[in-house]
Amino acid sequence: MNALVESPRIALVGNPNSGKTALFNRLTGSQQKVANYAGVTVERKEGRFVAPSGRTLRLLDLPGAYSLDAASPDEAITRDICEGRYPGEPAPDLIVCVADATNLRLHLRFVLEVKRLGRPMVLALNMMDAARKRGIRIDVAALSDALGVPVVETIAVQRGGAAALVEHLDRSVAAVATAPSLPDSGDAAVEADLHAQVRAALAAAVTMPRATSTVDDALDRIVLHPIGGLAILAAVMFLIFQAVFSWAAPLQDAVGAGVGAAGAWIGGLLESMPLLHSLVTDGIFAGLGTVLEFLPQILILFLFILMLEESGYLPRAAFLLDRLMFKAGLTGRSFIPLLSSFACAIPGIMATRSIQDPRDRLTTILVAPLMTCSARLPVYTLLIGAFIPRQTVLGLFNLQGVVLFTLYFAGIVSALAVAWVIKRLRRDRSEHALLMELPSYRLPNPRDVAIGLWERAKIFLRRVTGIILALTVLLWFLSSFPAPPEGATLPPIDYSLAGRIGRWMEHVFAPIGFNWQICIALIPGLAAREVAVSSLATVYAMSAVGEDAIAAELGTAIAAQWSLATALSLLAWYVFAPQCMSTLAVIRRETNSWRNVGVAAGYLFALAYLASFVTYQIARALT
Amino acid sequence: MNAALFAQAVVIALAVAWAAWFAFRRLLPKTYRRLLSHAVAAFDRPSAPRWLREYARRAQPTSTSGGSCGDGCSTCGGCAAAAKPTVEAQPLVFRPRAPK
Ligand SMILES: Nc1nc2c(ncn2[C@@H]2O[C@H](COP(=O)(O)OP(=O)(O)OP(=O)(O)O)[C@@H](O)[C@H]2O)c(=O)[nH]1
Ligand SMILES: [Mg+2]
């Protein structure tokens, strides 16, 4: 352990989106999130790797920063670490400043700022592949002379693309260990004009055929068109939800059939042991198997999210929606945190750290749970699959996909509405300027996308075999005991603890159409939303008696037993309800206030109840 | 009670105990850690046998065992960041720049 503490520490700093995390992953072999927009990394991550000399080096990946005068919480951490003022963390032994070689005009400014700290550093000119493609030529020796720091070229996304950097680090940490850090050369006259220095360095070392990329400009003319751009955005979103339904269906059926067969086989083996048989078939197989069926859909959703993230399209979408979002009291900067919330509200809320204005940040945090996270997908698709026919509308669209799109859309609209109300309540009239970098377009690398999907699948499976399994077993236990009295006629679950709790809760939820089975599922669903589905499956498997017990398929069971109004009401509930304790915990941590947690949970529950009530009453009147 | 029923009861008791422990650890990670360090302190006493102290020390919760929340849904505090080599993440503390 001591050897590690003493091994040299190297920090990766630089402008956002310059490829620091890609370099970090290349060097340490880890899988931190890389995406093509500014503000991906918001935490300090540490890893280590062994250099060719056998020395172990510790590497820090830091959030990107435009300047050391930090404006947002994520920039502050970078500044503090570079200056050696981060609590419990001495200044790094060596700073690797990462700059995008295609964007030196912007990035060299920060390099010079870091240089003024007077610590040992090296400049990594990243994305050399992209620079060469665009015909940008950089004279590394001249650049190094002009800046007064060593310069190495890197291509973080290519195997061996960081070899020169590793070699340099290996050599220079040996020197650093003995030599004291460089004296601060920050002479006031030089400091005054960073821009002049950048210009001089560029003139001395860089030849650029064009300031911007022709491909980017051509694409932006279409994608950023005020009307055409919005149409493209709508089409992209629509395509995603269509795909989630139509592509996943065969895979989903295959998983379902596999799980069913395995359950039947194991159930057969346990025929002689009724209690265990019930635990395994009604609890584990009915519960987990039902959730597992949704893996293909979640992966298809993430396939799109990963490709969009890497393409560079997302900041453009933010740009398009900026006006609309500003009217609603958010800023274009809120777009990416809100978009991340489609995967899960937790990284979404973390991503708000790149929002400078604390009030905008709080508003974004409060509405992030309204974005439909991927854990809600199983609930939505279960209900849609059971109640909405698989048919084509307008000769083109899958009706189930349309309903799913509507649900996502309802989440977005309500987020905008809530933000608007918050803005009204604050009587906030802040002026507005969106400064946002539009990165170059990039074709997603299939290998990286595949790795990203695999990571997602692992996270999902870990949830299924961890928390979802544990809660399913507990729910099975509560639904089986106490055992029914002698001569009982109803299914045993009616006499159990869970059954009684469900019946008691039914009084509160009857006005919105929830039966006692749904009420039971709501409680474990607080821990993880998908658990609501596994719990429903367990509860229905256990309440089936005799003949029905064979038809254990959850979708069929609820289609037969629920009214359409109940199903729609539950869907409305899930659009709003803060059914996830981890999200509330993260709100607490990120805003450092229980009050905000109370506000978020309170308004979300109120909205959920109201929406379900209205939906249920209207649907019942109409059907 | 016959042997088969007894065996079933044992298996079910174990499964339910595991589930309760797991859910507790995952849903209330801080409380879990606090209780665990109390337990460790209680067992790791000079009067306790060597093997017990050894075991207690190994069970000592480490401060870095919490994962990063950036890694995805519900990984908070549950497991370390998804990476082969150890990658430690720390939540960030915002401190305004001190006036010069
Ligand atoms: N062509 C090319 N693309 C690269 C290279 N390095 C990184 N990228 C891409 O650049 C984008 C940004 O990479 P990240 O590693 O997330 O950038 P970062 O500096 O960590 O960004 P923040 O965390 O937001 O500060 C991603 O789309 C990468 O795939 C490179 O050498 N060549
Ligand atoms: Mg990064």
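Keep in mind the model is a prediction, meaning the values are calculated, not measured. (Residues numbered from 1 in each chain as written. Chains lettered and ligands numbered in written order. Predicted model: local features only at pLDDT ≥ 70, side-chain atom pairs only at ≥ 80, totals over all residues. Heavy atoms only, no water.)

Quick look at the confidence of the model for chain B
Should the pLDDT be low somewhere, the predicted coordinates at that spot are not to be read in detail. Residue and element names in this part refer to chain B. Considering every residue of chain B, the mean pLDDT works out to 67; 58% of them sit at 70 or more. Confidence, read as mean pLDDT per element, is least for strand β1 (residues 88-90) in chain B (50) and greatest for helix α1 (residues 3-27) (87). Within the model, the stretch residues 63-88 combines pLDDT values under 50 with 67 contacts to residues more than four positions away or in other chains. Predicted complex, confidence summary: ipTM 0.75, pTM 0.83. (pLDDT = per-residue confidence, 0-100. Helix = DSSP H or I, 4+ residues; strand = E, 2+ residues; numbered from the N terminus. Contact = heavy atoms within 4.5 Å.)

Observations regarding the coordination of the magnesium ion (ligand 2)
Surrounding the magnesium ion (ligand 2) are the protein donor atoms A:T21 (OG1) and A:T41 (OG1), which sit 1.9 Å from the metal. Pair noted here: A:T21 is in helix α2 (residues 20-28) and A:T41 is in the loop between α2 and β2 (44-50), with a separation of 20 residues, a long-range link. (Donors = N, O, S within 2.8 Å, 3.2 Å for Na, K, Ca; no water.)

Overview of the site of ligand 1
All names here are of chain A. Every one of the 24 residues lining ligand 1 counts as a neighbour, but K20, T21, A22, T41 and E310 are closest to it. Between ligand 1 and N126 there is a distance of 3.0 Å, counted from a nitrogen atom to a side-chain nitrogen or oxygen. Note that an oxygen atom of ligand 1 is positioned 3.2 Å from one of the backbone N or O atoms of M127. A total of 650 Å² of accessible area belongs to ligand 1 in isolation, and the protein chains cover 97% of it. Element by element, the count of residues in the shell around ligand 1 is highest for α2, at 3 residues. Here the shell around ligand 1 is composed, by residue class, of 11 nonpolar, 9 polar and 4 charged. (Near = heavy atom within 4 Å. Polar contact = N/O pair within 3.5 Å; in protein donor to acceptor, adjacent residues only side chain to side chain. Areas by Shrake-Rupley, 256 points an atom, 1.4 Å probe, with all protein chains shown as cover. Nonpolar A, V, L, I, M, F, W, Y, C, P; charged D, E, K, R; others polar.)

Points about the packing of aromatic side chains
Each aromatic ring pair is characterised by the separation of its centres together with the angle its planes make. Residues and elements named next belong to chain A. Applying the stated criterion across every chain yields a total of 19 aromatic pairs over all chains. Pairing F387 with W562 gives two aromatic rings, centres 6.4 Å apart and planes at 20°, and the pair type is stacked. With F387 in helix α19 (residues 377-387) and W562 in the loop between α25 (554-561) and α26 (564-576), this pair connects stretches of sequence that are 175 residues apart. Using a relative accessible area of 6% as the deciding quantity, one classes W562 as buried. (Phe/Tyr/Trp six-rings, centres within 6.5 Å; stacked < 30°, edge-to-face > 60°. Buried < 20%, exposed > 50% of the residue type's maximum accessible area, 1.4 Å probe, protein only.)

Some words on the domain arrangement of chain A
Domain assignment breaks chain A into domain 1 (2-211), domain 2 (228-374 + 396-428 + 450-462) and domain 3 (472-622). One C-alpha centre belongs to domain 1 of chain A, the other to domain 3 of chain A, and the line joining them spans 51 Å. (Domains from an automatic or database assignment.)

So, the side chain of A:E309
All names here are of chain A. Its place among the elements puts E309 in helix α14 (residues 295-311). A residue is classified by how much of its surface remains accessible, and E309, at 7% relative accessible area, is buried. Those residues in contact with E309 that lie beyond four places of it in its chain are K33, A35, N36, Y37 and L314.

Describing α14(A)
Residues and elements named next belong to chain A. A rise of 1.5 Å per residue sets the reference length of α14, with its 17 residues, at 24 Å; its end C-alpha atoms lie 24 Å apart and thus fit the reference within 8%. Among the 17 residues in α14, 12 count as buried, and that is most of the element. Along α14, the residues classified as buried are L295, P296, Q297, I298, I300, L301, F302, F304, I305, E309, E310 and S311. Note on α14: the residue one or two positions beyond its end, G312, has a positive phi of about 90°. (Expected span 1.5 Å × (residues − 1).)

Digging into the packing of α19(A) against helix α20 (residues 399-426) of chain A
Residue and element names in this part refer to chain A. Across the interface, α19 lies against α20 with an axial gap of 10 Å and an inter-helix angle of 140°. Here α20 runs oblique to α19, going by the angle between their axes. The handedness of the crossing between α19 and α20 comes out as right-handed. In this structure, α19 uses L377, Y380, I384 and G385 to contact α20, whose residues at the interface are Q400, V403, L404, L407 and Y408. Residues belonging to the contact of α19 with α20 are distributed by class as follows: 7 nonpolar, 2 polar and no charged. (Axes fitted to C-alpha atoms, helices over the stretch in contact; angles between N-to-C directions. Parallel < 35°, antiparallel > 145°, perpendicular 65-115°, else oblique. Left-handed = near helix turned anticlockwise from the far one by under 90°.)

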